[in-house]
There are 2 protein chains.
Amino acid sequence: MSILVVGSIALDSVKTPCGETKEALGGSALYFSAAASFFAKVKVVGVVGEDFPHHKVRFLEERGVNLEGLEIRKGKTFRWVGCYEHNLNEAKTLSTCLNVFKDFNPKLAKGYEKNDFVFLANIDPVLQRKVLTKVEKPKAVVCDTMNFWIKGKRKELIKTLKDVDIMILNDAEVKEFAGEPNLIKAAKWIRSLGPKIVVVKKGEHGALMFYSQDLIFSAPAYPLESVSDPTGAGDSFAGGFVGCLARLKEMTESNLRKAVIYGSVMASFCVEKFSLERLKTLTSEEINQRFREFGRLVHFGR
Amino acid sequence: MSILVVGSIALDSVKTPCGETKEALGGSALYFSAAASFFAKVKVVGVVGEDFPHHKVRFLEERGVNLEGLEIRKGKTFRWVGCYEHNLNEAKTLSTCLNVFKDFNPKLAKGYEKNDFVFLANIDPVLQRKVLTKVEKPKAVVCDTMNFWIKGKRKELIKTLKDVDIMILNDAEVKEFAGEPNLIKAAKWIRSLGPKIVVVKKGEHGALMFYSQDLIFSAPAYPLESVSDPTGAGDSFAGGFVGCLARLKEMTESNLRKAVIYGSVMASFCVEKFSLERLKTLTSEEINQRFREFGRLVHFGR
């Protein structure tokens, strides 16, 4: 099974109470690919500048990530500078230089039209829709977004959601989008816009999946005593989630639940180190072991 | 198995986005007793004024709650007036009239010395300790507290915790008490003060139980589309938790996990209506059905 991902590729400079990193690999498409690569073949659509350090993403290619769709344009790669203080749920942006990402216009490389899953990372909903017109209908379209589009391109986002099967977003975004303080009501409202399944990421509080009017699945977060860098946790979650679905093939209730747990597993690894460092050294054995630990974390008898 | 609870008994006037209630039954000891009464025999130690509407707690006596330890003093019963806005996790106190509760000095009625469990609800840690000197050593001492004592009587609280087996408190309190933003580290620090088990209530995000250096249990919250009144949720949780332990007798890992879920079940019912209204009409069948729903909420295959 194969996955197409469209999103940002960036060089991030991040400071947290645990340390800092400068111009390290980042962006939704890279975090997603690194996480999903443990489960399925991934093709990446994105844009970088002439200064992009291609040797640093070789490990992704070695894991079967197809980077042929990486457009190299004149100019510099997208830069983001941010920091986190004690509340690790909230990033503070210090500077954003979109550079070549400013005029991103997703182009599909040869052989990119046919995919089992398409993941539309957090980009302009107009571009998200454009990508969908260029690909054959996949098994499922999975979509992320952020407050910037919820506020600024609400109508376009709602239009895009008509073609989306699974929406993944965080709790604050769900509430803002729906204009409703109750998360359960808010998520159900989003289901009424098109996506049959809504997955709500709650950071250190885990995730909730809504997949029919009354069916809800609740996943815990992995208890971590130290978080180095929360950047990319959401995209790593999406990578584990979509990757798991691609590996298991059928979108049954049971597989969807497992996918949420694998998403949580990948997010928990991502934040242990800066940038893609932890996802780079990670092994399938570690992933499966943590999956089992999630089982022990929530198990109770009858 | 029997439980002794020491705590407040109040008449609450509460306003929430869902409605309001005036001078309704409230206080930690009443919420705890109402919840625990479904599982075990409960004896109450508390104080009320001459104006207390005793006929309103008759339903508790009918469920086997022993109210002989309710001291009636000259003066008025403790009054609390509060409101909740859209953030239902945070109560805003509009007025507090301690009245007869101001000089509360717990006295044990005849036959109150011998208990399997003692629950020290949120009162002055000096009084909590005093109660412990008057009873025979129970199977377990369970203790709650609040930011008021964490700030104002820190040393006394730490002294009390030496004699406590299980500490129940909310996430903000854990972090404040430990002076540590990471909940896992903070809860482990509290374990170092005496309690072998620490249960952290996270409101709409569920609960975590820490019961050995590395063992953590994570319980979800029951997804509610509407919360009428969050008052008493924490004490109802404690009532379900301690009640379940008393019914199951042995404090095994498996029973502790079930107890956290029964605590969550009771809290979820409590907030469905104002005051004790929902706990008053509740049945054991409803409790057991919701317990099974918690199982479905978190279940995933291997």
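Model, not experiment: these values are computed from the prediction.

Calculation criteria
- Residues numbered from 1 in each chain as written.
- Chains lettered and ligands numbered in written order.
- Predicted model: local features only at pLDDT ≥ 70, side-chain atom pairs only at ≥ 80, totals over all residues.
- Heavy atoms only, no water.
- Helix = DSSP H or I, 4+ residues; strand = E, 2+ residues; numbered from the N terminus.
- Rg over C-alpha atoms; globule rule 2.2 N^0.38 Å.
- Buried < 20%, exposed > 50% of the residue type's maximum accessible area, 1.4 Å probe, protein only.
- Contact = heavy atoms within 4.5 Å.
- Areas by Shrake-Rupley, 256 points an atom, 1.4 Å probe, with all protein chains shown as cover.
- Disulfide = S-S within 2.5 Å.
- Buried area = accessible area lost by both parts, 1.4 Å probe.
- Salt bridge = Lys/Arg side-chain N within 4 Å of Asp/Glu carboxyl O.
- Polar contact = N/O pair within 3.5 Å; in protein donor to acceptor, adjacent residues only side chain to side chain.
- Nonpolar A, V, L, I, M, F, W, Y, C, P; charged D, E, K, R; others polar.
- Pairing = 2+ DSSP bridges.
- Least-squares fit on C-alpha atoms with pLDDT ≥ 70 in both.
- Axes fitted to C-alpha atoms, helices over the stretch in contact; angles between N-to-C directions.
- Expected span 1.5 Å × (residues − 1).
- Parallel < 35°, antiparallel > 145°, perpendicular 65-115°, else oblique.
- Left-handed = near helix turned anticlockwise from the far one by under 90°.

A. View of the overall build of chain A. Of regular secondary structure, chain A possesses 11 helices and 14 strands. Compactness check: chain A gives a C-alpha radius of gyration of 18 Å against a globular reference of 19 Å for 302 residues, within 12% of the reference. Taken over the C-alpha atoms alone, chain A extends approximately 60 × 40 × 35 Å along its principal axes. The buried share among the 302 residues of chain A stands at 59%. If you take every contact in chain A between residues at least 6 apart in sequence, the share linking residues at least 24 apart comes to 64%. Carbon and sulfur atoms form 50% of the exposed surface of chain A, whose accessible area is close to 12400 Å².

B. Quick peek at the state of the cysteines. All names here are of chain B. In the structure shown here, the tally under the stated rule is zero disulfides over all chains. Looking at the unpaired C18, the closest cysteine sulfur is the one in C270, lying at 13 Å. Residue class for C18 comes out partly exposed when judged on its relative accessible area of 46%.

C. Region of the structure containing the interface of chain A and chain B. The interface of chain A with chain B comprises 32 residues on the first partner and 32 residues on the second. In total, chain A and chain B occlude about 2800 Å² of area from one another, counting both sides; carbon and sulfur atoms represent 59% of this. Linking chain A to chain B there are three salt bridges. Two residues, K188(A) and E225(B), come together in a salt bridge whose shortest N-O distance is 2.6 Å. Taken together, the connections running from chain A to chain B amount to 14 residue pairs in polar contact (both at pLDDT 80 or more). A per-element tally of the side of chain A that touches chain B places helix α11 (residues 284-298) of chain A first, with six residues. Split by residue class, the side of chain A that touches chain B holds 13 nonpolar, eight polar and 11 charged.

D. Quick look at the pairing of strand β13 (residues 207-210) of chain A. Residues and elements named next belong to chain A. Side-chain alternation along β13 places A207 and M209 on one buried face and L208 and F210 on a second face that is also buried. Connecting strand β12 (residues 197-201) to the next strand, β13, in antiparallel fashion are five residues, including G203 with a positive phi near 60 degrees. Pairing analysis gives four bridges linking β13 to strand β14 (residues 216-219), with the strands arranged antiparallel. Within β14, the position partnered with M209 by the bridge is F217. Taking the residues that link successive antiparallel strands as the turn, the β13-β14 hairpin has five residues.

E. Inspection of the environment of G203(A) at higher detail. Residue and element names in this part refer to chain A. Its location among the elements puts G203 in the loop between β12 and β13. Given the relative accessible area of 46%, G203 is considered partly exposed. Along the chain, G203 and L88 lie 115 residues apart, while their C-alpha atoms are 9.0 Å from each other. Apart from the residues lying within four places of it in its own chain, the contact partners of G203 are N89 and A221.

F. Quick peek at the side chain of T16(B). In this structure, T16(B) sits in strand β2 (residues 10-16). Residue class for T16(B) comes out buried when judged on its relative accessible area of 8%.

G. Representation of the relation of the copies chain A and chain B in the model. When chain A is fitted onto chain B, the two copies agree to an RMSD of 0.0 Å after a turn of 180 degrees and an axial shift of 0.0 Å. Both copies are brought into coincidence by an operation consistent with a two-fold rotation axis. Across chain A, the smallest distance between a C-alpha and the rotation axis is recorded for H205(A), namely 3.0 Å. When you check the interface residues of chain A against chain B, 100% turn up at the interface there too, and the contact is symmetric in its surfaces.

H. A look at the pattern of salt bridges. Applying the stated rule across the entire model yields 33 salt bridges over all chains. Residues E20(A) and K22(A) are paired through a salt bridge, measuring 3.5 Å at the closest nitrogen-oxygen approach. The partner of R79(B) in a salt bridge is E23(B), and the shortest N-O contact between them spans 2.8 Å. Of this pair, R79(B) sits in strand β7 (residues 78-84) while E23(B) sits in strand β3 (residues 19-26), and the two are 56 residues apart along the sequence. In this structure E23(B) comes out as partly exposed when scored by relative accessible area, which is 37%. Members of the salt-bridge network, linked through shared partners, are E272(A), R278(A), E286(A) and R290(A).

I. Structural context of the sheet that holds β2(B). Residue and element names in this part refer to chain B. Pairing is mixed across the open sheet formed by four strands, whose spatial order is β3-β2-β7-β8. The open sheet has two edge strands with one neighbour each: β3 and β8 (91-97). Here the strands of the sheet are splayed against their neighbours by 15 degrees on average, with no regard to which way each runs.

J. Quick peek at helix α9 (residues 253-270) of chain B. Taking 1.5 Å of rise per residue, the 18 residues of α9(B) would be expected to cover 26 Å, and the 26 Å separating its terminal C-alpha atoms lies within 8% of that figure. Among the 18 residues in α9(B), 16 count as buried, and that is most of the element.

K. Structural context of helix α1 (residues 28-36) of chain B. The buried fraction of α1(B) is high, at nine of nine residues. Turning to α1(B), its buried residues are S28(B), A29(B), L30(B), Y31(B), F32(B), S33(B), A34(B), A35(B) and A36(B).

L. Local environment of the sheet that holds strand β2 (residues 10-16) of chain A. Residue and element names in this part refer to chain A. Read across the sheet, four strands follow the order β3-β2-β7-β8 without closing on themselves; strand pairing throughout is mixed. The open sheet has two free edges, formed respectively by β3 (19-26) and β8 (91-97), since each of these has just one partner strand. For this sheet, the mean angle separating the axes of adjacent strands, direction not counted, is 15 degrees.

M. View of the packing of α1(B) against helix α8 (residues 233-248) of chain B. All names here are of chain B. Close contact between α1 and α8 brings their axes to 7 Å; oriented N to C, the two are set at 40 degrees. Here α1 lies oblique to α8, going by the angle between them. Between α1 and α8 the crossing geometry is right-handed. Contacts from S28, Y31, F32, A35 and A36 in α1 reach D235, S236, A238, G239, G240, V242 and G243 in α8. For the contact of α1 with α8, the residue count by class is six nonpolar, five polar and one charged.

N. Here's a closer look at the pairing of β7(B). Residue and element names in this part refer to chain B. Among the seven residues in β7, six count as buried, and that is most of the element. In terms of strand pairing, β2 meets β7 through six bridges, oriented parallel. Bridge pairing in β7 places A10 opposite F78. Across six bridges, the pairing between β7 and β8 is antiparallel. Residue pairing across strands places C83 opposite K92, the latter belonging to β8. The turn linking β7 back onto β8 is made up of six residues.

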